[in-house]
Amino acid sequence: MADLSPQELRVLAAVADSGGFSAAGALLGLGQSAVSHSVRGSEAKVGAVLFERGRGGASPTPAGERAVALARRILRMYEVLGAEARGAGRDTVAGVLRIAAFRSAALHLLPPALERLTARHPGIRPEVRVVRELGAGTAGEVAAGRADLAIATLNAGGGGAGGGATGATGSVPAGAAAPGRLLTGVLWEEAYALVHPAGHPDPRSLPLLDWDENCGSYTRDWWRAQDWIPRATVKAEDDGMVLTMVGRGLGMAILPELSLREATDAVDITGLGPSGPVRHVGYVTVPESASTLAVRALIRELRSEAG
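Along each chain, numbering runs from 1 in the same order as the chain's sequence is written. This being a predicted model, a pLDDT of at least 70 is required before a residue's local features are given, and a value of 80 or more before pairs of side-chain atoms are given or counted; all residues contribute to the totals for chains, interfaces and linings. Computation of side-chain values covers all heavy atoms of the structure but excludes hydrogens and water.

Enquirer: Before we go on, may I ask you to explain the overall build of the protein in this structure?
Expert: To qualify as a helix, a DSSP run of H or I must reach at least 4 residues; to qualify as a strand, a run of E must reach at least 2; elements of each kind are numbered from the N terminus. Scanning the protein for helices and strands turns up twelve helices and twelve strands. Out of the 307 residues in the protein, the part that is buried amounts to 49%. Throughout, a residue-residue contact means that at least one pair of heavy atoms, one from each residue, lies within 4.5 Å. Sequence-distant contacts, at least 24 apart, represent 71% of the contacts inside the protein between residues at least 6 apart. Here the Shrake-Rupley method, with its probe set to 1.4 Å, supplies the accessible areas, and only the displayed protein chains count as covering residues. Carbon and sulfur atoms provide 53% of the accessible area of the protein, an area that totals close to 14100 Å². Any residue under 20% of the maximum accessible area for its type is buried, any over 50% is exposed, and the rest in between are partly exposed; the area is computed with a 1.4 Å probe on protein chains only.

Here it is in structure tokens:
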């Protein structure tokens, strides 16, 4: 198979990002016919149809989704090559560092780590995107080549696991190599707790508040074994909204420790005991990014923050 050139990779990524050949051409300063010719050439080299064409634009086929993800990752390596070479042996690095994180991690884990990281490496420019842990979640941003590192909920084996990095209630397996060649490492282990309006005489009698990202399969198994936990009757957008609603006396909730860092005197927090569910939070990256100076430096700071 003939190799795809960097420009052909850029065209594939632009078509996927913009949803059409004309829009991709506008992004790249090319005509529609040039984009179409480039895509056809790439498909011939790869030996697969990469985009479905239609009146509404162009959307990646399954083969195209994989090709575009790899194209983004290859292009990213071109981008960081210079910074990596200049930083070798100098204990410093510069350039953009792309990070995906779910809301509570972006609020509480990332800021102190990034503060130390940028103090040691002033040339690093973090770009943080908050991504819901549903569907592909934050790990999907790494797999798709849109992030260098993600903070995600991980399945660390027999313990509990949090929200959906590989599905609505799934998680990314922790270890050296997860599916899709994702590299993971556990940073934080946090227990879930019962949170309820302060001073309420019988919090277990309250309706349950929940949000779509909350908990994974292991935690749900624990929930199902507790006959005192009702079905959720109120769904909120995120954990911060759940916490606010509990403080207003609208119900109880079961939340992980990171979410409870925002708790006020309006709520009381009750532990669920040694058999209660636990969520594992960690980093997700890919092999080529894991070897870069910026990602390695960020992982060190995250580990330091997690203690």
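Okay, back to it.
Enquirer: Whenever I open this one, the packing of helix α1 (residues 6-18) against helix α4 (residues 62-87) confuses me. Can you help?
Expert: A packed helix pair is summarised by two numbers, namely the angle formed by the two axes and the spacing between the axes. Orientation of α1 relative to α4, taken along the N-to-C sense of each, is 125 degrees, at an axis distance of 9 Å. The pairing of α1 with α4 is recorded here as oblique in orientation. Every pair of crossing elements has a handedness; the one defined by α1 and α4 is left-handed. Where α1 approaches α4, its residues P6, L9, R10, L12, A13, A16 and D17 are matched on the opposing element by V68, A71, R72, I74, L75 and Y78. Any residue that is not Ala, Val, Leu, Ile, Met, Phe, Trp, Tyr, Cys, Pro, Asp, Glu, Lys or Arg is counted as polar, Gly included; the first ten are nonpolar and the last four charged. Residue composition of the contact of α1 with α4, grouped by class: ten nonpolar, no polar and three charged. Lines fitted to C-alpha atoms define the axes, with helix axes restricted to the stretch in contact, and inter-axis angles between N-to-C directions lie between 0 and 180 degrees. Comment on the angle field: the value is read as roughly parallel under 35 degrees, roughly antiparallel over 145, roughly perpendicular from 65 to 115, and oblique elsewhere. Handedness of a crossing follows from how the near helix is turned relative to the far one, being left-handed for an anticlockwise turn of less than a right angle and right-handed for a clockwise one.

Enquirer: Sorry, what's going on with the environment of E190 here?
Expert: Looking at where E190 falls in the secondary structure, it is placed in strand β7 (residues 183-197). Distance from E190 to V281, taken between C-alpha atoms, is 7.9 Å for residues 91 residues apart in sequence. Aside from chain neighbours lying at most four places away, what touches E190 is P256, E257, L258, P277, V278, R279 and V281. Polar contacts, as used here, are pairs of N or O atoms within 3.5 Å; protein pairs need one atom able to donate a hydrogen and one able to accept it. Residues neighboring in sequence count only if both atoms are side-chain atoms. Only 3.2 Å separates the side chain of E190 from the backbone nitrogen of E257, close enough to count as a polar contact. A polar contact of 2.6 Å, which involves the side chain of E190, links it to the side chain of R279.

Enquirer: Looking at this model, I keep getting lost on the pattern of salt bridges. Mind explaining?
Expert: Where charged atoms of side chains with opposite charge meet at close range, the side chains can pair. The salt bridge definition used is simple: a Lys or Arg side-chain nitrogen within 4 Å of an Asp or Glu carboxyl oxygen. All chains considered together, the criterion is met by 17 salt bridges. Here R76 makes a salt bridge to E79, at a shortest N to O gap of 2.9 Å. With R76 and E79 both in helix α4 and three residues apart, the pair spans about one turn of that helix. Looking at R76, the relative accessible area reads 8%, which means it is buried.

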